[in-house]
Amino acid sequence: MTKVTIYSTKNCPYCRMAKAFLEKYGVPYESVDVGADENAAQKMIELSGQRGVPVIMVDNEVIVGFDAPRLNELFGETDATDIYTVLIVGAGPAGLTAAVYCARKMLNTMVISENIGGQALESWAIENYMGYRMISGEDLMKKFEEHVRTLNIRLELDKVVAIAREEDIFVVKTLSDNTIRARALILTQGNRPKKLGVANEEQYIGRGLSICSTCDGPLFKGKIVAIVGGGNSALQTALEMSDIAKSVSLITRSMIRADPVYIEKLNSKKNITVHTNTQITALQGDKFLSGITIKDESGAEQKIDVDGVFIEIGWLPNTDMVDGLLDLNEKKEIIVDINGRTSVPGIFAAGDVTNVKSKQIIIAAGDGAKASLEAFEYLMKQ
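This report concerns the structure included in the present document. Just so you know, these numbers come straight off a predicted model, no measurement behind them.

Some remarks on the overall build of the protein chain
At step 1: Looking only at helices and strands, the protein chain features 10 helices and 21 strands.
At step 2: Taking 2.2 N^0.38 as the reference for a compact globule, 382 residues should give roughly 21 Å; the C-alpha atoms of the protein chain span a radius of gyration of 21 Å, in line with that estimate.
At step 3: Projected onto the principal axes, the alpha-carbon positions of the protein chain cover approximately 65 × 50 × 40 Å.
At step 4: Expressed as a percentage of its 382 residues, the buried residues of the protein chain come to 54%.

In structure tokens form, the structure reads like this:
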């Protein structure tokens, strides 16, 4: 029998999704919490060369991160050739809300996404979603997911790589080589994190450089870390990491642009050093990241010893698969009207992947509902 071990941390949403995937297909596994067990964390690092979770051991194979396509190859099943009424790409607030509304209209619906929860998963604390004084992004998205799973909706973990149209049917290709057909599409695939743009950046991803502090933060207990960014997400991460790490450097290209409530909390912390009008120009280290070079507006450079860096500098829309198919703006966001209709009849979009100005969970959810209602109206006219 195949032996599967998942090295994870308590609050890592991608770890939870990996476990949910295995449970869906009846694959037994052992879960090891490396955030609570330093010896297990060291073993994981030795096995994988990674200081980031999840790490999945399948017999002697090491799978780094929630690699849905590889897990599908090992344990999944080939998609059926049915034509869905609606295919929703993305399972963040917009996509999951759209799915609920599609189900209420009795539409044969499939949701396909690389993860469940999207960008919202990486929020330590959400304080502006109605009905909750404060809730973590993971917990809020878990409630969205639980709602969707009570309905007759197929939810698959995979990545869409191409979309084409054959007469009145949309044909979608995935990274795991599945082909899915649908009469209407709702695109809610959100954004991907921006990179630092520094030499050797890819070398240190998972080896000290992280884009998910909720996942990897516990692995840096008592260590020295830096947070890059000056918005709400960066300050939230800096505040949370100040309770985990020995010291935190907050590095921002300009000034801090966060809400006053976060700035007030930041000023109360004694182990956070703020570097404004500063950027990282170099990364140092052998196997793992051990230092960074920063440069201020005067051109003066300084080297800082760090064990980890968390990137919180913004996002880019995931629209590569529709470039040339749909009208995009200069930011490569999908252009939609007030009801979520794109330039192609039958394709609708919602959430952060669109040109809607305000990028908020509550707005994405509402726009997901609107897009599904428009899709229903479109289908009824066909």
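Describing the pattern of salt bridges
At step 1: Scanning the entire structure with this criterion turns up 16 salt bridges.
At step 2: The closest approach of N and O atoms between R341 and E374, which form a salt bridge, is 3.8 Å. Pair noted here: R341 is in the loop between β20 (315-317) and β21 (347-349) and E374 is in helix α10 (residues 361-381), with a separation of 33 residues, a long-range link.
At step 3: On the accessibility criterion, R341 (39% relative accessible area) is partly exposed.

Side note on unusual backbone geometry
At step 1: Residue V53 is joined to P54 through a cis peptide bond whose omega torsion reads -5 degrees.
At step 2: Here P54 shows up in the loop between α2 (38-48) and β3 (55-58).
At step 3: Notably, D59 is not glycine yet its phi reads approximately 55 degrees, a positive angle.
At step 4: Relative to the elements of secondary structure, D59 occurs in the loop between β3 and β4 (61-64).
At step 5: At N277, a position not held by glycine, the phi torsion is positive, near 50 degrees.
At step 6: Structurally, the position occupied by N277 is in the loop between β15 (272-275) and β16 (278-285).

A closer look at the pairing of strand β9 (residues 169-174)
At step 1: Most of β9 sits inside the fold, with 5 of its 6 residues counted as buried.
At step 2: Two elements, strand β8 (residues 160-166) and β9, share 6 bridges in a ladder whose sense is antiparallel. Following the sheet pairing, R165 is matched in β9 by F170.
At step 3: As consecutive antiparallel partners, β8 and β9 are separated by 2 residues, and within that stretch E167 has a phi angle of approximately 55 degrees, a positive value.
At step 4: Summarising the sheet, β9 and strand β10 (residues 179-187) pair through 4 bridges and their orientation is antiparallel. Paired with K173 across the strands is T179, a residue of β10.
At step 5: Linking two consecutive strands that pair antiparallel, namely β9 and β10, is a turn of 4 residues; a positive phi of about 70 degrees is found at D177 within it.

Some remarks on the pairing of strand β13 (residues 224-228)
At step 1: In terms of residue burial, β13 counts as a mostly covered element, since 4 of its 5 residues are buried.
At step 2: Pairing of β13 with strand β14 (residues 247-251), which is carried by 5 bridges, proceeds in the parallel orientation. Bridge pairing links I227 to L250 in β14.
At step 3: The sheet contact formed by β13 and strand β19 (residues 308-311) spans 4 bridges and is parallel. Bridge pairing in β19 places I227 opposite F310.

Examining the sheet that holds β14
At step 1: Across the sheet, which stays open at both edges, the 5 strands sit in the order β12-β19-β13-β14-β15 with parallel pairing between neighbours. The strands lining the two open edges of the sheet, one partner per strand, are β12 (209-210) and β15.
At step 2: Alignment of β12 against β19, held across 2 bridges, turns out to be parallel. Opposite S210, over in β19, you have F310 as the bridge partner.

Some remarks on the nonpolar core
At step 1: Counting residues in each nonpolar core, the largest one holds 84 residues, and the members touching the most others are V34, F66, I186 and M241.
At step 2: Not counting the four nearest positions on each side in its chain, M241 is found in contact with W124, G217, F220, V225, I227, V248 and F310.
At step 3: One finds I112, V322, V336 and A349 within the second-largest nonpolar core, a separate group that totals 23 residues.

A few points about helix α1 (residues 13-24)
At step 1: The terminal C-alpha atoms of α1, which comprises 12 residues, lie 16 Å apart, in line with the 16 Å expected from a rise of 1.5 Å per residue.
At step 2: Along α1, the residues that are buried comprise P13, Y14, C15, R16, M17, A18, F21 and L22.
At step 3: Those residues of α1 hidden inside the fold are in contact with β1 (4-8), β3, α3 (68-75), α5 (137-149), β7 (153-157) and α7 (213-216).
At step 4: G26 sits one or two residues past α1 and shows a positive phi near 65 degrees.

A few points about the packing of helix α8 (residues 232-242) against helix α9 (residues 260-267)
At step 1: Where α8 meets α9, the axes come as close as 10 Å, and the angle between the chain directions of the two elements is 30 degrees. For the element pair α8 / α9, the angle class is roughly parallel. Like other packed secondary-structure pairs, α8 and α9 cross with a definite hand, here left-handed. Contacts between α8 and α9 involve N232, L235, Q236 and L239 from the former and Y262, I263, K265 and L266 from the latter.
At step 2: In terms of residue class, the contact of α8 with α9 is made up of 5 nonpolar, 2 polar and 1 charged.

Scoring rules and cut-offs
Residues numbered from 1 in each chain as written. Predicted model: local features only at pLDDT ≥ 70, side-chain atom pairs only at ≥ 80, totals over all residues. Heavy atoms only, no water. Helix = DSSP H or I, 4+ residues; strand = E, 2+ residues; numbered from the N terminus. Rg over C-alpha atoms; globule rule 2.2 N^0.38 Å. Buried < 20%, exposed > 50% of the residue type's maximum accessible area, 1.4 Å probe, protein only. Salt bridge = Lys/Arg side-chain N within 4 Å of Asp/Glu carboxyl O. Pairing = 2+ DSSP bridges. Core = buried A, V, L, I, M, F, W, Y, C linked by side-chain atoms within 4.5 Å. Contact = heavy atoms within 4.5 Å. Expected span 1.5 Å × (residues − 1). Axes fitted to C-alpha atoms, helices over the stretch in contact; angles between N-to-C directions. Parallel < 35°, antiparallel > 145°, perpendicular 65-115°, else oblique. Left-handed = near helix turned anticlockwise from the far one by under 90°. Nonpolar A, V, L, I, M, F, W, Y, C, P; charged D, E, K, R; others polar.

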